[in-house]
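Listed here are the chains, written in short residue letters.
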Amino acid sequence: MAVSRLVRAELARHDWGRLRCGCGRSGAHLPGTFETILEAAEPREALGARLDNHLEISGNLFEVAVPAVEVILAALAGPLPDFARVELLDVLAVLVSGDSYAGQPADLGEHCRLKARNGLWTILQVGYEHEAEAVRDILWVVDPDQPRGGYHAMGLAKRIKRSRR
């Protein structure tokens with residue numbers, strides 16, 4: 001699958017080389033990792049392209065996490081193979097639930113949640129069309145607007161219930 005222009009623009013918009021990565025290097029290698037995941041037509045084509053231990057380690061976030069949320073949202077806005085969508089949602093769930101790694105800026109978790117909240121309609125669309133359970137879990141973390149969040153959580157729960165029948 002081709003990487004969308006929107007994702008390429010988000011990848012280009014950030015100076016990844018100036019951001020600290022969980023692997024101990026700069027984040028300069030992360031655009032290539034995203035591209036490998038998004039270009040893969042099936043999971044085996046993305047083997048070795050991992051975001052964990054780069055964006056975060058055990059939920060402890062690094063600087064690269066914040067722009068990664070924006071790249072993930074850009075990717076979720078377009079068509080994706082199921083495995084890539086699930087992988088990106090899993091990563092997004094960890095990022096919005098995380099907190100800063102020692103020595104990193106103190107508010108990385110809040111920045112990730114804010115970025116995700118700004119992309120809430122994209123996240124909800126993915127939930128209603130594809131991955132209701134993963135999106136419901138993300139929704140509880142990023143949406144402080146309880147009437148809206150509660151309403152959509154109920155709608156997603158109905159979709160989950162129907163899919164389990």
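Check the entry above for the structure.
These notes cover the structure that comes with them. Just so it is clear, the model here is predicted, and its values are computed rather than measured.

## Examining the nonpolar core
Move 1: Grouped together as the largest cluster of nonpolar side chains are 49 residues, with contacts concentrated most on F34, L88, L92 and L95.
Move 2: Ignoring any residue separated from it by four or fewer positions in sequence, one finds F34 in contact with L11, W16, L51, A68, V71, I72 and L88.

## Topic: the layout of surface pockets
Move 1: There is about 150 Å³ of room inside the largest pocket.
Move 2: Looking at the largest pocket, the residues that line it are L6, E10, R13, E70, L73, A74, A77, K115, N118 and T122.
Move 3: Breaking the lining of the largest pocket down by element, the ones donating at least two residues are α1 (5-13), α3 (65-76) and α5 (108-118).
Move 4: Of the residues that constitute the lining of the largest pocket, the class distribution is four nonpolar, two polar and four charged.

## Re a positive patch on the surface
Move 1: On the surface, K158, K161, R162 and R165 cluster together into a patch of positive charge.
Move 2: Structurally, K158 can be placed in helix α8 (residues 146-163).

## Details of the sheet that holds strand β1 (residues 56-57)
Move 1: Sheet architecture is open: three strands sit in the order β1-β2-β3, paired in mixed fashion. Where the open sheet ends on each side, the last strands, each with one partner, are β1 and β3 (99-100).
Move 2: Relative to strand β2 (residues 60-61), β1 is paired through two bridges, and the arrangement is antiparallel. Each residue of the ladder has a partner; that of E56, found in β2, is L61.

## With respect to the environment of V94
Move 1: Residue position: V94 is located in helix α4 (residues 82-97).
Move 2: In this structure, the C-alpha to C-alpha distance between V94 and N60, residues 34 residues apart in sequence, is 9.1 Å.
Move 3: Contact partners of V94, with chain neighbours within four places excluded, come to E56, G59 and L61.

## Comments concerning the packing of aromatic side chains
Move 1: Throughout the structure, instances matching the rule amount to two aromatic pairs.
Move 2: Between F62 and Y101, the aromatic rings sit 4.5 Å apart at their centres with planes inclined by 25°, giving stacked as the arrangement. One end of the pair, F62, is in the loop between β2 and α3; the other, Y101, is in the loop between β3 and α5, and 39 residues separate them in sequence.
Move 3: Here Y101 falls in the partly exposed class, since its relative accessible area comes to 30%.

## A few points about α5
Move 1: Of all the positions in α5, only L108, G109, C112, R113 and A116 are classed as buried. Projected onto a plane normal to the axis of α5, the buried residues spread over an arc of 140° and lie on a single side.
Move 2: For α5, the secondary structure elements touched by its buried residues are β2, α3, α4, β3, α6 (120-129) and α7 (132-142).

## Quick look at the side chain of T33
Move 1: Mapped onto the fold, T33 is located in helix α2 (residues 30-39).
Move 2: Apart from residues no more than four positions distant in its own chain, T33 is found in contact with A49, R50 and L51.

## Section: the environment of E63
Move 1: Within the element layout of this structure, E63 appears in the loop between β2 and α3.
Move 2: According to the relative accessible area criterion, E63 is partly exposed, its value standing at 25%.
Move 3: Spatially, the C-alpha atoms of E63 and L19 are 5.6 Å apart, while their sequence positions differ by 44 residues.
Move 4: Ignoring any residue separated from it by four or fewer positions in sequence, one finds E63 in contact with R18, L19, R20, Q104, P105 and L108.

Parameters at a glance
- Residues numbered from 1 in each chain as written.
- Predicted model: local features only at pLDDT ≥ 70, side-chain atom pairs only at ≥ 80, totals over all residues.
- Heavy atoms only, no water.
- Core = buried A, V, L, I, M, F, W, Y, C linked by side-chain atoms within 4.5 Å.
- Buried < 20%, exposed > 50% of the residue type's maximum accessible area, 1.4 Å probe, protein only.
- Contact = heavy atoms within 4.5 Å.
- 1 Å grid on protein atoms, 1.4 Å probe; cavity = no way out; pocket = protein on both sides within 12 Å on 5 of 7 lines; lining within 4 Å.
- Points joined across faces, edges and corners; volume = space filled by probe spheres on them.
- Helix = DSSP H or I, 4+ residues; strand = E, 2+ residues; numbered from the N terminus.
- Nonpolar A, V, L, I, M, F, W, Y, C, P; charged D, E, K, R; others polar.
- Patch = residues over 30% accessible without salt bridge, like charges linked within 9 Å, V, L, I, M, F, W, Y side chains within 5 Å.
- Areas by Shrake-Rupley, 256 points an atom, 1.4 Å probe, with all protein chains shown as cover.
- Salt bridge = Lys/Arg side-chain N within 4 Å of Asp/Glu carboxyl O.
- Lys, Arg positive; Asp, Glu negative; His and termini not counted.
- Charge placed at Lys NZ, Arg CZ, Asp CG, Glu CD.
- Pairing = 2+ DSSP bridges.
- Phe/Tyr/Trp six-rings, centres within 6.5 Å; stacked < 30°, edge-to-face > 60°.
- Arc of directions from axis to C-beta.

The quantities given are spatial measurements derived from coordinates; they are silent on function.
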